[in-house]
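# Report on the structure
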Amino acid sequence: MFPAPAPETRDRMLASYAQASAGLHLASPPDARVWGYQGRTLSGPSGDCWLRLVSEPDEKAGGKLWDGPLLARRALPAAVRRPALLRVHDWSADGWSYRAELYDRLTTPVVSVCPVLDEDPALPATWWGDIRGALDTLAAVPTERVAVREEYVRRVVPQYTGHQVEDITWSTAHDDLHWANLTTDAHIIDWEGWGTGPYGFDAATLHIYALRTPDTAARVRKEFAHVLDRPEARIAVLTVCAQILQAENRTDYYRDLAGHVREYLKGM
C-alpha cells in the first residue's frame, strides 16, 4: 500500500522478514510484497499463509497497535469475518522489537487497492448484508481498548470542520474500515487499532471514503441507514471528515478526497 522506505529501514526489515520465516518454521521463505507506512510493517504470501512483520523501537513496542490482532483473535466472535491468526513469534535485535504474525491466506482480493474508492466495485447484496451484520456484531463487543480518543475528537472536529462536539455515544469499531481493508468475500483485515470510537465510526468511514464514487456512497448510506441516520452518528461522520482534512497532504488520494469532504460538509 505504501512505497518502500529508506534503504536502511528496507534492508533491516527484509532481513528480519527472512528471520521471521525461520522463527515460524515456514517451509520456504515468504514473498515480501506489501509495505506499511514508513516501513513499520512488511507483509506477503507464504504458501497457503500470509506473513506480516511489525517492528518498533524497543522503547515503543507493546500497546494498542502492537497487541490489536492478537486480542482480536481472543475477543471477537466468528461472525466478524477476518483472516485466522495462526501463530505469533516475537523477538528483539539491535534496539528493535519485532512481531511476526502468520495468518490464513485469503483467496479473494481486497475491494480496492487504495483506501479511497475511485470506481464503483459493484458488490452484491450478500456482501453488504455480511458486512452490515459483522459491524453490528462488532459494535456490541465489550472492550477496554480505545480506538478514537475523546480528547482527539473534541480537538479535531472543531478545528477541521467548524462544527462543535457535544455528547458522544461510544461503541466498538474496527477503526480503519476503508476499502482496502475489506475483501470481495466480506472479510475484514488489519485489526491493529480496533476499540471504542464514536457511534457509527466504521459506517461513517466507509461512507466518507466512497465520496469519489457517488453511487457507492449512496449505497453505503442506504445499507447503513439504521446507523448513519441516528443523531448519535453525526460525531462519527464529522470525526472521519476531520481525519481526512488533517491528513490532506499525506497522499494524493487524501488530497483529492479532501475536496469532496469540504463539499460534503457544506450540507451538514
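One structure accompanies this document, and this report is about it.

About the cut-offs
Counting of residues starts from 1 at the beginning of each chain's written sequence and follows it residue by residue. This being a predicted model, a pLDDT of at least 70 is required before a residue's local features are given, and a value of 80 or more before pairs of side-chain atoms are given or counted; all residues contribute to the totals for chains, interfaces and linings. Think of the side-chain values as coming from all heavy atoms in the structure, minus any hydrogens and water. Here, two cysteine sulfur atoms that lie within 2.5 Å of each other are counted as a disulfide. Each residue is placed in one exposure class: buried if its accessible area under a 1.4 Å probe, protein chains only, is under 20% of its type's maximum, exposed if it is over 50%, and partly exposed if it falls in between. Numbering of helices and strands runs from the N terminus, with a helix taken as a DSSP run of H or I at least four residues long and a strand as a DSSP run of E at least two residues long. Multiplying one less than the number of residues by 1.5 Å gives the expected span of a helix. Taking the helix axis as origin, the arc is that swept by the directions to the C-beta atoms. By definition, residues are in contact when any of their heavy atoms lie within 4.5 Å. Residues with no salt bridge and a relative accessible area higher than 30% make up the patches, which join like charges within 9 Å and nonpolar side chains (Val, Leu, Ile, Met, Phe, Trp, Tyr) within 5 Å. What sets the accessible areas is the Shrake-Rupley method with a 1.4 Å probe; for residues, cover comes only from the shown protein chains. Every case where a carboxyl oxygen of Asp or Glu lies within 4 Å of a side-chain nitrogen of Lys or Arg is listed as a salt bridge. Charged residues are defined here as Lys and Arg on the positive side and Asp and Glu on the negative side; His and the ends of the chain fall outside this count. Every charge is mapped to an atom, namely NZ of Lys, CZ of Arg, CG of Asp or CD of Glu. When two rings of Phe, Tyr or Trp (its six-membered ring) have centres within 6.5 Å they constitute a pair, described as stacked for plane angles under 30 degrees, edge-to-face for angles over 60, and tilted for the intermediate range. Pairing between strands is defined by DSSP: at least two bridges between the two strands are required. To obtain an axis, a line is fitted to C-alpha atoms, over the contacting stretch when the element is a helix, and the angle between two such axes runs from 0 to 180 degrees between their N-to-C directions. Oblique is the label for every angle not falling under 35 degrees (roughly parallel), over 145 degrees (roughly antiparallel), or within 65 to 115 degrees (roughly perpendicular). Two helices crossing with the near one rotated counterclockwise from the far one by less than a right angle form a left-handed crossing, whereas a clockwise rotation gives a right-handed crossing.

To continue, consider the state of the cysteines. Scanning the entire structure with this criterion turns up 0 disulfides. No disulfide involves C114; its sulfur sits 17 Å from that of C241, the nearest cysteine. On the basis of relative accessibility, which here comes to 0%, the residue C241 falls in the buried class.

Helix length check: helix α3 (residues 125-139), at 15 residues, gives a terminal C-alpha distance of 21 Å against a target of 21 Å (1.5 Å per residue), a fit within 8%. Those residues of α3 that fall on the buried side of the exposure criterion are W127, W128, I131, A134, L135 and L138. Each buried residue of α3 sits inside an arc of 130° when the element is viewed along its axis, so together they form one side. Turned more than 90 degrees from where α3 packs its buried face, A125 and T126 sit exposed. If you follow the buried residues of α3, they end up packed against β6 (170-173), α5 (201-208) and α6 (214-223).

As a further point, take a negative patch on the surface. A contiguous patch of negative charge, built from D118, E119, D120 and D215, is present on the exposed surface. Tracing the chain through its elements places D215 in helix α6. The exposure class of D215 is exposed, given its relative accessible area of 58%.

With that settled, the discussion passes to the environment of I235. Within the secondary structure, I235 sits in helix α8 (residues 234-246). Residue I235 is classed as buried on the basis of its relative accessible area, which comes to 8%. With 25 residues separating them along the chain, I235 and H260 place their C-alpha atoms 18 Å apart. For I235, the contacting residues outside a window of four places in its chain are V153, Q164, V165, D167, I168 and P198.

Taken as a whole, this structure holds 6 aromatic pairs when the rule is applied. Measuring from ring centre to ring centre gives 5.0 Å for W127 and W128, while their planes differ by 85°; the resulting arrangement is edge-to-face. Here W127 matches W128 in class, with each residue buried. Ring plane angle 70° and centroid distance 6.3 Å describe the contact between W128 and W179, whose orientation is recorded as edge-to-face.

Strand pairing in a sheet takes place through backbone hydrogen bonds and is either antiparallel or parallel in direction. One open sheet holds the 5 strands; their spatial order is β1-β2-β3-β5-β4, and the pairing between them is antiparallel. Only two strands of the sheet have a single neighbouring strand rather than two, namely β1 (34-35) and β4 (85-93). Where strand β3 (residues 49-57) and strand β5 (residues 96-104) come together, 9 bridges link them in antiparallel fashion. Considered in β5, the bridge of S55 is made with Y98. Along the sheet, helix α1 (residues 7-23) contacts β1, β2 (41-46), β3, β4 and β5; its crossing angle with β3, the most-contacted strand, is approximately 125°. The strands that helix α2 (residues 64-75) touches are β3, β4 and β5; relative to β5, the one it contacts most, it runs at about 35°.

Next up on the list: the packing of α3 against α6. Interhelical geometry of α3 versus α6 gives an angle of 55° and a closest axis separation of 11 Å. Classified by the angle their axes make, α3 and α6 are oblique. Our pair here, α3 against α6, has a crossing hand that is right-handed. Residue-level contacts link A125, W128 and R132 of α3 to T216, R219, V220 and E223 of α6.

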